[in-house]
Amino acid sequence: MRKVFYPALFICILACSCYGLLPRFMMESRNNNIAIISDYREISALSKSSGLSIDDAIAILIRNGITGMMVSELTGDNVDHGIGQAEMKKVHDPERGTEGTIVSILPTSTHKDILNRWLRIRFAVSDDKANGPLLLTLPANVLKNSGMLPDIDGLEAAKRAGLKIYYRPASSPGHLSEQASVMMREVNALYPISVFTPAGEYVSGYPDVSMMANTANELHIPLAVVEFSRQLGEPQLNALVSPNLLALHSVTNEEMTSRRISRRALRDRMIRAALERSVRLLLLRSAPANTANFKFNDYAEEVRLLANELKDHGFNLSWPETLFADYNLNQNIFAAWALSAVFIFALFRYLSRMGLNMNMKSVYALVIVNIVMAFIILKVPFAARITGAFTAPLIAVEASLLAMDSGRKRNILPAFVFAVLGGLALASFFSVTSYMMRLRTFSGVKLTLVLPPVLVLLHDLKRRIHPESLIEFLSRPPLWGELILYGVLLGGVAFIVYRSDNVANVSGFEMSIRDSLEKMLIARPRTREVFLGYPCILVLAYLVSNNYFARYREIFRIGAVLGFSSVINSFCHFHTPLTMILLREFNGLWTGLLVGLIVVIMIKFVIVPLLKLIRPLIS
């Protein structure tokens, strides 16, 4: 009965998972347009230093590949430093002990009327002097980081060039929060905004960002979700504007300087964001102002190189669409059933391995539990989060034990297939806008790195796969070799957890290996699978078959577990295209087995003969 039941169960899980993933797959197949965006103020400075007019400079960049221009709302600090078509002057009333600021439009401005009107709208002031200087009761230091006026030079330049406008409304003092939204309406009426993101440390109105969100929704202006942003109010704004969202990647000049990011590395980050995280807006900044000898031609060449690399990867240099609203990316009962089925099966298998006696009648009862559980996780978000968080590590545990615990016959391929099947079930349920745009964090990623090694270690002690039981292990004095071995293991696990999603702590050597693999294989396999997981399985098989190092084999078993944990985590990166994930895992399998084969050959023909010369092998 088992020979029929299990295959039928897996086919049903696969079918339900594919049905749940169909909208995501269809959306990803259409999501092929990508835009390179330049910062107007940076281009303006570069063009002046190179003796080019701004229109000529933008024309060159358009030919090289840009399709959008970032135009920001100017702050008091910008105006104070002579940027834009306004000027400000501090005023002081010694009798009242108050300070204020006079803001006026430059006499040479070609847009006096509209700028004076915008100035009064921005600060909610109505006076008889429609075109005169405006006296604000706010001191200059309060206006330093606050929005003053849209950068009309940038808006005009983008409009003349036919570029899409990426608008950045600045923060506002609390009592003027509503005016930031009103100002965006005014700008959009004359210069249609294609996408926007609030600038500054906080979104205007924070903690209530509904005014900005309502304006964006009413005007149908998409919100650019900036990767790794820590702006106050950003999560709330993202949630309110969802699903009208586009992902954007940029690297600030401060980050480039502090982390010493090279221009080549900058382009690589852009390409990786597009390929691996479905980012479709790339804001390519010029070099920091203090970088010597960086000219406009250098920036234009970087735009060309980035554009060519994107085209080589199959992207169209065109403005992307917001596709999340066009597809039914909702959690459905089929995806919920697949997720609960994988959870129950993996848990059932682990409990059975630990000695729990469960017959086929128990299995039939679990089928009923599966159906009920599917409805629960579909209707109760907290239950869905908890189920997903524990399903991921349980899949990794079952795949690992399946690959390792079958005598001398290693079931690597069936284990890999089960891991992929479980990953697809997870992805089918959580492939919704909030997770794909990383508005919400999947709880299972970190847990998958910590829980599987613990569960496998408990299993090995219980089943005496390790030569001792847990009681025997705890009752005797520890061996120095074991202390060192498990210290290294614990440190390795901690390092992997710390390094998870942390690109800042990747060594230069590892980055060079990653880049080489990406160029050769398109979808780079993950390091833990190629150099840890699959090699550990083959090394373990060799040690078991030759009865070597029985007391120290656990380190290789844990290494194998961490490799399968990496496989599951790849499917938990819901922002990565499915085709990229599947290709990455296939590449990880064959390259990891190849590396493992090389290691086994070295152990057999080099290490073991050397050890035999030094001392007899200890079984």
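Residues numbered from 1 in each chain as written. Predicted model: local features only at pLDDT ≥ 70, side-chain atom pairs only at ≥ 80, totals over all residues. Heavy atoms only, no water.

What about the environment of Gly154?
Heads up, the condition is: In DSSP terms, a helix is any run of H or I states spanning at least four residues, a strand is any run of E spanning at least two, and both are numbered starting from the N terminus. Each residue gets one of three labels from its accessible area relative to the maximum for its type: buried under 20%, exposed over 50%, partly exposed in between, using a 1.4 Å probe on protein chains only. The criterion used for residue contact is that any of the two residues' heavy atoms lie within 4.5 Å.
On the secondary structure map, Gly154 appears in helix α7 (residues 152-161). Under the relative-accessibility criterion, Gly154 is labelled buried at 0%. It is 9.0 Å that separates the C-alpha atoms of Gly154 and Asp39, two residues lying 115 residues apart in sequence. Leaving out residues up to four positions away in the same chain, Gly154 has contacts with Tyr40 and Val71.

A look at helix α19 (residues 444-462)
Spelled out, the test is: Expected helix span is taken as 1.5 Å per residue step, with the number of steps being one fewer than the number of residues.
Relative to the 27 Å expected for 19 residues at 1.5 Å per residue, α19 spans 25 Å between its end C-alpha atoms, a close match to the ideal helical length. For α19, every residue scored as buried is listed here: Gly444, Val445, Thr448, Leu449, Pro452, Pro453, Leu455, Val456, His459, Asp460 and Leu461.

A few points about the confidence of the model for the protein chain
Note the threshold: Confidence scores here are pLDDT values: one per residue, from the predictor, ranging 0 to 100.
Residues with a pLDDT of 70 or more make up 86% of the protein chain, whose mean pLDDT is 86. This model gives residues 501-505 a pLDDT under 50, and the stretch forms five contacts once residues within four places in sequence are excluded.

A word on the packing of aromatic side chains
To be explicit about the condition: For Phe, Tyr and Trp, where Trp contributes only its six-membered ring, two rings pair if their centres lie within 6.5 Å, and the inter-plane angle classes them as stacked under 30 degrees, edge-to-face over 60, or tilted in between.
By the definition in use, this model includes 15 aromatic pairs. Ring geometry for Phe430 versus Phe442: centroids 5.0 Å apart, planes at 65°, classification edge-to-face. Residue Phe430 is found in helix α17 (residues 412-430), and its partner Phe442 is found in the loop between α18 (433-436) and α19; the two are separated by twelve residues along the sequence. Accessibility assignment for this pair places Phe430 and Phe442 in one class, buried. A connected cluster of aromatic rings, assembled from ring pairs, spans Phe429, Phe430, Tyr435, Phe442 and Phe574.

A look at the state of the cysteines
Worth spelling out the cut-off: Two cysteine sulfurs form a disulfide in these notes if their separation is within 2.5 Å.
Tallied over the full model, the rule gives zero disulfides. The thiol of Cys12 is unpaired, and the distance to the nearest cysteine sulfur, on Cys16, comes to 6.4 Å.

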